[in-house]
Structure formats: C-alpha cells, structure tokens
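# Structural features, examined
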Amino acid sequence: MIELRHFQHFIAVANSNGIRQAARTIHISPSSLTRSIQFLEEYYGAVLLQRHGRQMFLTPHGEQVLKEVKTILQSVEAIKPKLAQFDSIDHGSLRVGLNPTIADMLQPKLGTRFIKEYPKVEITTVLGNVMRLMELLANGELDLIIGIDQVLKKERQFEVISLLETEALWWVRKNHPLLKKDHVSLSDFVDYPLLSQFLPPIYQEHLHELCREDGIAVKDIHRAHECDDYRALYLMATQSDAILLSHAFINHNDYFTDQLCQLRSRQQMPNAQFSIALPLQPIPSPLARRYVEILQEETKLLTC
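Residues numbered from 1 in each chain as written. Predicted model: local features only at pLDDT ≥ 70, side-chain atom pairs only at ≥ 80, totals over all residues. Heavy atoms only, no water.

The subject of this paragraph is the overall build of the chain. When its secondary structure is counted, the chain shows 11 helices and 12 strands. Here the C-alpha radius of gyration of the chain, 30 Å, is well above what a compact globule of 304 residues would show, namely 19 Å. Projected onto the principal axes, the alpha-carbon positions of the chain cover approximately 100 × 40 × 35 Å. Within the chain, the proportion of its 304 residues that are buried is 44%. Summarising the internal contacts of the chain: among those between residues at least 6 apart in sequence, 75% fall at separations of at least 24. On the chain, roughly 16700 Å² of surface is accessible, and the fraction owed to carbon and sulfur atoms is 51%. Here the chain carries 32 positive and 36 negative side-chain charges, and the mean point of each set is 8 Å from the other. (Helix = DSSP H or I, 4+ residues; strand = E, 2+ residues; numbered from the N terminus. Rg over C-alpha atoms; globule rule 2.2 N^0.38 Å. Buried < 20%, exposed > 50% of the residue type's maximum accessible area, 1.4 Å probe, protein only. Contact = heavy atoms within 4.5 Å. Areas by Shrake-Rupley, 256 points an atom, 1.4 Å probe, with all protein chains shown as cover. Lys, Arg positive; Asp, Glu negative; His and termini not counted. Charge placed at Lys NZ, Arg CZ, Asp CG, Glu CD.)

Structure (structure tokens):
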C-alpha cells in the first residue's frame, strides 16, 4: 500500500540527486530509501530515476510524478490551518451569503463589531437572492446564509435558525396619484409598473391569490423590473410612478423614508420571516456559530 513516506523519500532523492546523500538528510538507511523508490517504480510501472555514476536523475516519468506528489503533500499540509479553525475563532475565514436588503440593514454594524472582536478573521460576503445563496451553501461555497424562512425550510440539508420577521409593503413616491385615493386595491395597480426584488415562489403564489380575489389576472400587473439591487429599485420608485414591493427595512434608511410613502392597500403580501441557514454537513465551525450569535444580538438591538 502506498504511503506518504514513499512520496517524501522520492522528493528527498530528487532534491539530493543521490541515494546516500538523501538518506543522510532524512535520517534513514540507504537500503530503506532504495526500497521506497523501487516500490514507487513498481506501483506506477515506470522508471522514475536513472543512475549516472554516483548521481541519480529524474526520467520524464519521474518529473511528472515529482510534480504530482509535491501537490499532494502541499494539500496534506494545507489541512492543518483549516482544522485549526475548529479549535479557535480568533483566526480563519468565513463566507457569508446575504439578501441585499438584509445586508444594507445589518452589515455596517455587524461587520464593524466582528472586525473589532476578531481582527484576524477574513470574511467574504456574497449578496444574492435566496435561491442562488442556497445553491452556493449546498455546494460548500458558503458557510452560512440569510434568506426567506419559508424557502429555506424546504431544504432538509440545512439547519434553519429564525432571525427576524418584517412586513412586505407597497411603496410609492410622494405625490403619487394613488395616494389621493381613499381605498386602493390591486385592480388600481394595473395602470402602474411594479418593481420588486426577485420574488420567491411563495410570494408569487400569494400574488396570484390576491389578484384572483380582486378579480384581475396576474398578467394584468406589469412587473416592470426585478433585480437584487434594491437601492436601484428604490431610486426608480422615487423618480417614477412605479409601485415598489419591498420589506419594511426601508424604514431604516432615512433617505428613502423621506422620498417614499407607504401605499395602503386592502391586499397585503404576507410578512417575511428571515432566517439563518447553516449546512448540516460538514458541521459548522465555532467561528460560524459565533457569527450567528453576533448576528442575532445585532438584529435584536436594531429591531427593538
């Protein structure tokens, strides 16, 4: 059975150009070192080293094997710092996926606090809609994400932790024509474009249901623009007659609060429950768990 020592012995000979010198360097007998080289040559079915006088030189096959075994040994060594993350939260890295709206509300305070408490930790934040973030989490490209609870809980491969609940509201610019009406329904929306982030299936289904209740077809509502850049959506709403569907987080942004007004409609979208998702496998690191704790603390402070 091939072992790492066979690779280490081979590298020692390749670096020393001779059995005796390599044996002295790694403190084993020349005969043991010779047996390791012979084992590798038998295992790969190729001559890896050729002797010229007292020196040994790599064959083309040996050059290729040397390149590969160096990569293998580097990968073995790279495991050590990764394992260290499970014993300490003072070092390491963390990859977090956030909904853009959540990121704008929480990231400034959350990021500042985390940097102060753990200055040597590297954090990468990825913004995106919940479906894309779930894909990255499932593929091991993220350590944790925040997204719509109803969507996250459909995936049994995640541990889901409730974070906060917020309303999904209709917003329009100041002096919008619909603000003059005493009673607004979805049938009034057909004359105006609708702006929103990408709607998860549960919200699309609810929108269909609201339209049926109001006697109109979903196709009658012009969904003019969907994107994850909520700031761009807000700006479009302030500068047009479009209706914006957005979470109540807008109240935490003074600029947009001054520019937009909540549109009271008989038909409201369901409240959004945002939750944290972590993979069940591999087990989340202590660093990821600590990030979740700080996230919960900062969310509680912000929503009090």
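From this point, things continue past the structure.
For serine 265, the location among the structural elements is in the loop between strand S11 (260-263) and strand S12 (272-279). Residue classification places serine 265 among the buried residues on the basis of a relative accessible area of 10%. Reaching out from serine 265, the side chain makes a polar contact with the backbone oxygen of valine 184 at a distance of 3.4 Å. Once residues within four sequence positions are removed from consideration, serine 265 is found in contact with Trp170, Val184, Ser185, Leu186 and Phe189. (Polar contact = N/O pair within 3.5 Å; in protein donor to acceptor, adjacent residues only side chain to side chain.)

Read across the sheet, five strands follow the order S9-S8-S10-S7-S11 without closing on themselves; strand pairing throughout is mixed. Looking at strand neighbours, the two that pair on one side only are strand S9 (223-226) and S11, the edges of this open sheet. Within this sheet the neighbouring strands show an average axis-to-axis angle of 35 degrees, counted without direction. Packing against the sheet, helix H9 (residues 230-238) makes contact with strand S7 (168-173), strand S8 (194-196), S9, strand S10 (243-247) and S11, and its axis sits at approximately 145 degrees to S10. (Pairing = 2+ DSSP bridges. Axes fitted to C-alpha atoms, helices over the stretch in contact; angles between N-to-C directions.)

To continue, consider the environment of alanine 46. Tracing the backbone through its elements, the reader meets alanine 46 in the loop between helix H3 (30-44) and strand S1 (49-52). Take alanine 46: its relative accessible area is 16%, and that puts it in the buried class. In this structure the C-alpha to C-alpha distance between alanine 46 and arginine 231, which are 185 residues apart in sequence, comes to 62 Å. In this structure, alanine 46 is in contact with Glu41 and His61, ignoring residues within four places of it in sequence.

Contact geometry for helix H5 (residues 100-117) and H9: axes closest at 9 Å, N-to-C directions at 95 degrees. On the basis of their axis angle, the class for H5 and H9 is roughly perpendicular. Facing Pro100, Thr101 and Asp104 of H5, the residues of H9 in contact are Tyr230, Arg231 and Tyr234. (Parallel < 35°, antiparallel > 145°, perpendicular 65-115°, else oblique.)

What follows concerns the sheet that holds strand S6 (residues 158-166). The strand order S4-S3-S5-S12-S6 describes an open sheet built from five strands, whose pairing is mixed. Taken across any chain shown, the strands that pair with only one partner, and hence form the sheet edges, are strand S4 (121-127) and S6. Strand after strand, the sheet turns through a mean of 20 degrees between neighbouring axes, direction not considered. Summarising the sheet, strand S5 (residues 144-148) and S12 pair through four bridges and their orientation is antiparallel. Across the sheet, isoleucine 146 pairs through a bridge with isoleucine 276, a residue of S12. Where helix H6 (residues 130-138) meets the sheet, it contacts strand S3 (92-98), S4, S5, S6 and S12, and its direction lies at approximately 150 degrees from that of S5.

A few words now on the pattern of salt bridges. As enumerated under the stated definition, the model contains 14 salt bridges in all. Put simply, glutamate 298 and arginine 113 hold a salt bridge, and the shortest N to O gap is 3.1 Å. Of this pair, glutamate 298 sits in helix H11 (residues 286-303) while arginine 113 sits in helix H5, placing them 185 residues apart in sequence. As far as burial versus exposure is concerned, glutamate 298 and arginine 113 are alike and both buried. Between glutamate 117 and arginine 290 there is a salt bridge, with the nearest N and O atoms lying 3.2 Å from each other. Remark: arginine 290 occurs in helix H11 and glutamate 117 occurs in helix H5; sequence separation between them is 173 residues. The class of glutamate 117 is partly exposed, set by a relative accessible area of 33%. For arginine 290, a relative accessible area of 16% gives the class buried. (Salt bridge = Lys/Arg side-chain N within 4 Å of Asp/Glu carboxyl O.)

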